[in-house]
Amino acid sequence: MTKKQIHLNGFIQNSPSPHSTGLWKHEKDHGTRHNRLDYWLDTARTLERGKFDAMFIADVLGTYSVYGDSHEAAVEHAVQLPAHDPTLAITAMASVTRHLGFAPTISTTYAQPYALARQLSTLDHLTEGRVAWNVVTSYLESEAVNLGLETRLPKEMRYNRADEFLEVVYKLWEDSWESDAVVYDREHDTFADPKKVHPINHHGESFNVPGPHLVEPSPQRTPVLFQAGASPKGRDFAAKHAEAVFTKNHSLEALSAYVKDIRERTVAQGRQADDIKVFPMILPIIGRTEAEAYEKYQALQNSVSYEGTAALLSGHTGIDFSQYDPDQYIEDLETEAVQGNLDMYTKDPNRRWTLREAIKNHGLGNGTVKFVGTPEQIADRIEEWASVGDADGFNVAQSYSPGTFEEFVDHVVPELQARGIYRTDYEGETLRENMFGKGSRHLADSHPARRSNLTGQPY
Ligand SMILES: Cc1cc2nc3c(=O)[nH]c(=O)nc-3n(C[C@H](O)[C@H](O)[C@H](O)COP(=O)(O)O)c2cc1C
């Protein structure tokens, strides 16, 4: 019997040391070169050498300025700032790779569905079917006020808008152009058959979009849909729409509970439990011996910026930690920012967390679980989280970039391959085929975008 195969994504952002705050100053870090194309091409080549499914490119559209009600700490310590565009290096990276997918983050709160559908369809054409979309609703107040709103929308409204946003893009991607609409009939002077290109006539609460879509069908039509909902509303949204979800946990128990819940919610949406792939985020810290790995962990912590991480955590949780005593316990409350990030430090069944301790944890890999040890030990934990925790794959974060990816690809990937739990070559042509198997180039028929045939048009 073949063993359960795991999938891998490389977690990155177009900023210096975005997920390990302050590591830009580490001797092995090249994140300050995020503004150079060669940094992206090298990173893409490394991930493809390691047979990763995709590069997942996080993004925020504002500064982390909850801390001290100012952007100063974020500027001083490069807290996901500078924050360059997540999509623009993708075509260049696609030109030096053949299989690696690309999953940029784009917010449904600030984009327009008609323009976004065009942008991602164009990328899906140019990458020959290797594009995904990390659907986010955004959490920073600084995003809202710079993008035309008076204040951040309440979470409930953000998700309602996102739900309608997706309905619009599904209509454009799945229903607007029939598969044989483009005929290239030179004799009859016909590029495409107008009877096979349909308006979508969407009229809703947030959007009115007559259509038709501006782009002919791309290899995957709808890009692979990633999401990371953590609140009940966010989880239901993910269960309805996502093909893969990202999660951040610091224990196997927390992961298991999350996976069980998300699969139940997916089934409640009329889909199969395994229609959704779960990718917990991990930070690998690899050594030749266990002792060496733990020494490295200690040393990496010395490069973390305390104030920068406090600013990051303030943005993630919505709490201004400049007002906190470092030895004060973090307060348990409901937040309009990222509830899961706050819950990590307030609902831990094993302990209470002071601000100082939380910062120490959050500074590397944004607080996610660290797999520290030899390649064999890290592979053991990966196997355990995949079998006991029911993870389908892992979202690999970095301490220093792109060195963490290089070490993982050189040392952990061969170990996973030797155990028969990880591919030695790509299976398909498109990203969706690599994730879901050959023949699954398009969304599954059980996905709501396919099931309901939203505009009543033939595909
Ligand atoms: C691994 C991971 C990566 C994420 N990346 C982003 C991102 O790049 N941009 C963003 O605005 N939110 C990002 N988020 C936040 C989620 O989109 C979401 O807001 C968060 O998990 C909280 O869920 P909730 O909104 O349902 O409470 C990420 C979350 C996780 C777990």
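Cut-offs used in this document
Residues numbered from 1 in each chain as written. Predicted model: local features only at pLDDT ≥ 70, side-chain atom pairs only at ≥ 80, totals over all residues. Heavy atoms only, no water. Buried < 20%, exposed > 50% of the residue type's maximum accessible area, 1.4 Å probe, protein only. Helix = DSSP H or I, 4+ residues; strand = E, 2+ residues; numbered from the N terminus. Contact = heavy atoms within 4.5 Å. Near = heavy atom within 4 Å. Polar contact = N/O pair within 3.5 Å; in protein donor to acceptor, adjacent residues only side chain to side chain. Areas by Shrake-Rupley, 256 points an atom, 1.4 Å probe, with all protein chains shown as cover. Nonpolar A, V, L, I, M, F, W, Y, C, P; charged D, E, K, R; others polar. Salt bridge = Lys/Arg side-chain N within 4 Å of Asp/Glu carboxyl O. Axes fitted to C-alpha atoms, helices over the stretch in contact; angles between N-to-C directions. Parallel < 35°, antiparallel > 145°, perpendicular 65-115°, else oblique. Left-handed = near helix turned anticlockwise from the far one by under 90°. UniProt positions renumbered as here; feature names shortened; annotations may be inferred. Pairing = 2+ DSSP bridges. Phe/Tyr/Trp six-rings, centres within 6.5 Å; stacked < 30°, edge-to-face > 60°. Lys NZ or Arg CZ within 6 Å of the ring centre and 35° of its normal.

Chemist: Is there a simple way to think about helix H11 (residues 339-346) in this case?
Modeler: At 3.6 residues per turn, the α-helix brings residues three or four places apart onto the same side. Burial analysis of H11 places 6 of its 8 residues in the buried class, the great majority of the element. Of all the positions in H11, only Gln339, Asn341, Leu342, Met344, Tyr345 and Thr346 are classed as buried. Buried residues along H11 sit in contact with helix H6 (155-175), helix H10 (306-317) and helix H12 (355-362).

Chemist: Can you help me understand the site of the ligand in this one?
Modeler: Around the ligand lies a shell of 21 residues, among which Asp59, Lys155, Tyr159, Ala228 and Ser231 are the nearest. Here lysine 155 contributes a side-chain N or O atom positioned 2.6 Å from an oxygen atom of the ligand. Within the side chain of serine 231, an N or O atom sits 2.7 Å from an oxygen atom of the ligand. For the ligand, the accessible surface in isolation is 620 Å², of which the surrounding protein chains cover 92%. Listed by contribution, the elements that provide at least two residues to the shell around the ligand are strand E2 (54-58), strand E4 (132-136) and H6. Split into classes, the residues belonging to the shell around the ligand amount to 11 nonpolar, 7 polar and 3 charged.

Chemist: Mind showing me how you'd approach the pattern of salt bridges here?
Modeler: A complete count under the given rule lists 30 salt bridges for this structure. Aspartate 38 serves as the salt-bridge partner of arginine 33, at 2.7 Å between the closest nitrogen and oxygen. Salt bridges linked by common partners bring Lys4, Arg263, Asp390 and Asp392 together as one network.

Chemist: Mind showing me how you'd approach the packing of helix H7 (residues 232-241) against helix H8 (residues 252-268) here?
Modeler: Taken N-terminus to C-terminus, the directions of H7 and H8 make an angle of 55 degrees; their axes are 8 Å apart at the nearest point. As the angle between them shows, H7 and H8 are arranged oblique. Regarding H7 and H8, the two cross each other, and that crossing is right-handed. Judged by residue contacts, Pro232, Arg235, Asp236, Ala238 and Ala239 of H7 engage Tyr258, Asp261, Ile262, Arg265 and Thr266 from H8. Residues of the contact of H7 with H8, tallied by class, amount to 5 nonpolar, 1 polar and 4 charged.

Chemist: Just to check I follow, could you spell out the UniProt feature "binding site: FMN" (unreviewed entry) in the protein chain for this structure?
Modeler: Within the UniProt annotation, "binding site: FMN" (unreviewed entry) is assigned to Asp59, Thr105, Tyr159 and Ser231. With respect to the helices, strands and loops of the structure, tyrosine 159 is situated in helix H6. The contacts of tyrosine 159, once residues within four sequence positions are left out, are Thr137, Gln227, Gly229, Ser231, Lys233, Gly234 and Phe237. Here serine 231 shows up in the loop between strand E9 (224-227) and H7.

Chemist: Would you mind going over the pairing of strand E13 (residues 393-396) with me for this structure?
Modeler: Looking down a regular strand, the side chains alternate between one sheet face and the other. Here E13 shows a buried face lined by Gly393 and Asn395 and a second buried face lined by Phe394 and Val396. Sheet topology places strand E11 (residues 277-286) next to E13; 2 bridges connect them, and they run parallel. By the bridge assignment for E13, methionine 281 is matched with asparagine 395.

Chemist: Looking at this structure, I do not really get the side chain of serine 218. What am I missing?
Modeler: Mapped onto the fold, serine 218 is located in the loop between strand E8 (208-209) and E9. Serine 218 has contacts with Ser121, Asp124 and His125, leaving out every residue within four places of it along the chain.

Chemist: Can you walk me through the packing of helix H13 (residues 375-387) against helix H14 (residues 403-418) in this structure?
Modeler: How two helices sit against one another is set out by the angle between their axes and by the gap between those axes. For the pair H13 and H14, the least separation of the axes is 9 Å and the interaxial angle reads 60 degrees. One finds that H13 runs oblique with respect to H14. Two packed elements cross with a definite hand, and for H13 against H14 that hand is right-handed. Here Pro375, Glu376, Ile378, Ala379 and Ile382 of H13 come into contact with H14, specifically with Phe408, His411, Val412, Glu415 and Leu416. Tallied by class, the residues present in the contact of H13 with H14 amount to 7 nonpolar, 1 polar and 2 charged.

Chemist: In this structure, what is going on with the pairing of strand E10 (residues 244-247)? I would like to understand it.
Modeler: Of the two faces of E10, both are covered, the one formed by Ala244 and Phe246 as well as the one formed by Val245 and Thr247. When E9 meets E10, the two strands line up parallel, connected through 2 bridges. Bridge pairing in E10 places phenylalanine 226 opposite alanine 244. Summarising the sheet, E10 and E11 pair through 4 bridges and their orientation is parallel. Counted as the bridge partner of valine 245 is valine 278 from E11.

Chemist: How should the UniProt feature "domain: Luciferase-like" (unreviewed entry) in the protein chain be read in this particular structure?
Modeler: Residues annotated by UniProt as "domain: Luciferase-like" (unreviewed entry) correspond here to residues 25-390. Along residues 25-390, the helical share is 40% and the strand share 14%, with 36 Å between the first and last C-alpha atoms.

Chemist: Just checking my understanding: could you explain the packing of aromatic side chains for this structure?
Modeler: One pass over the structure, following the stated rule, counts 18 aromatic pairs. Between phenylalanine 226 and phenylalanine 279 the ring centres are 6.2 Å apart and the planes differ by 70 degrees, which places this aromatic pair in the edge-to-face class. You can see phenylalanine 226 sitting in strand E9 and its partner phenylalanine 279 sitting in strand E11, a full 53 residues away along the chain. Across the pair, phenylalanine 279 and phenylalanine 226 agree in class, each one buried. An aromatic cluster is present here, built from Phe11, Phe56, Phe226, Phe246 and Phe279 joined pairwise through their rings. Its guanidinium or amino end placed over the ring of tryptophan 353, arginine 351 lies 3.7 Å from that ring's centre, counting from NZ or CZ. When the ring centre of tyrosine 329 is taken as origin, the NZ or CZ atom of arginine 352, which lies over that ring, is 3.9 Å away.

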